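# Architecture and fold: a report
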Amino acid sequence: LQTPPPRRKASSTGGSTPAPPPKAKLMAKYYEKLTTLFWVSENYLFHAFAWYKYYTLCREFNRGMTADEKTFQASAVLLSALCIPNLPDSSLSPG
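Reference entry: report on the structure contained in this document.

Conventions we followed
Residues numbered from 1 in each chain as written. Predicted model: local features only at pLDDT ≥ 70, side-chain atom pairs only at ≥ 80, totals over all residues. Heavy atoms only, no water. Helix = DSSP H or I, 4+ residues; strand = E, 2+ residues; numbered from the N terminus. Buried < 20%, exposed > 50% of the residue type's maximum accessible area, 1.4 Å probe, protein only. Areas by Shrake-Rupley, 256 points an atom, 1.4 Å probe, with all protein chains shown as cover. Patch = residues over 30% accessible without salt bridge, like charges linked within 9 Å, V, L, I, M, F, W, Y side chains within 5 Å. Salt bridge = Lys/Arg side-chain N within 4 Å of Asp/Glu carboxyl O.

### Some remarks on the overall build of the protein
Of regular secondary structure, the protein possesses three helices and zero strands. The order of α-helices and β-strands along the protein, N terminus first, is α-α-α. By the burial criterion, 20% of the 95 residues in the protein qualify as buried. Accessible area for the protein stands at about 8200 Å²; split by element, carbon and sulfur atoms hold 61% of it.

### Concerning a nonpolar patch on the surface
On the surface, a nonpolar cluster with roughly 330 Å² of combined accessible area is contributed by L78, L79 and L82. Here L79 shows up in helix α3 (residues 67–82).

### Observations regarding the environment of Y31
Tracing the sequence through the fold places Y31 in helix α1 (residues 24–40). With relative accessibility at 14%, the residue Y31 sits in the buried group. In this structure the C-alpha to C-alpha distance between Y31 and A50, which are 19 residues apart in sequence, comes to 5.4 Å.

Right under this line is the structure:
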């Protein structure tokens, strides 16, 4: 029986170029979807982070954003951060 030749790792293929980073518009859409997903799953910490990332991407790359859109998104970031529940005091004590 003959043994098959060893397989090459993806990183050792040589002349391949790394994949370009995703476009800002695609990433903004991704974080916009995550805001809904984390809200429905009641994961409020990640919901707030998704709103923050969505807002920063839109603010940086969407030059046509109106002042009302910026205000709405900034308010959503603030309100989502305020929705993060505090830990109960009993979880902070060691015993």
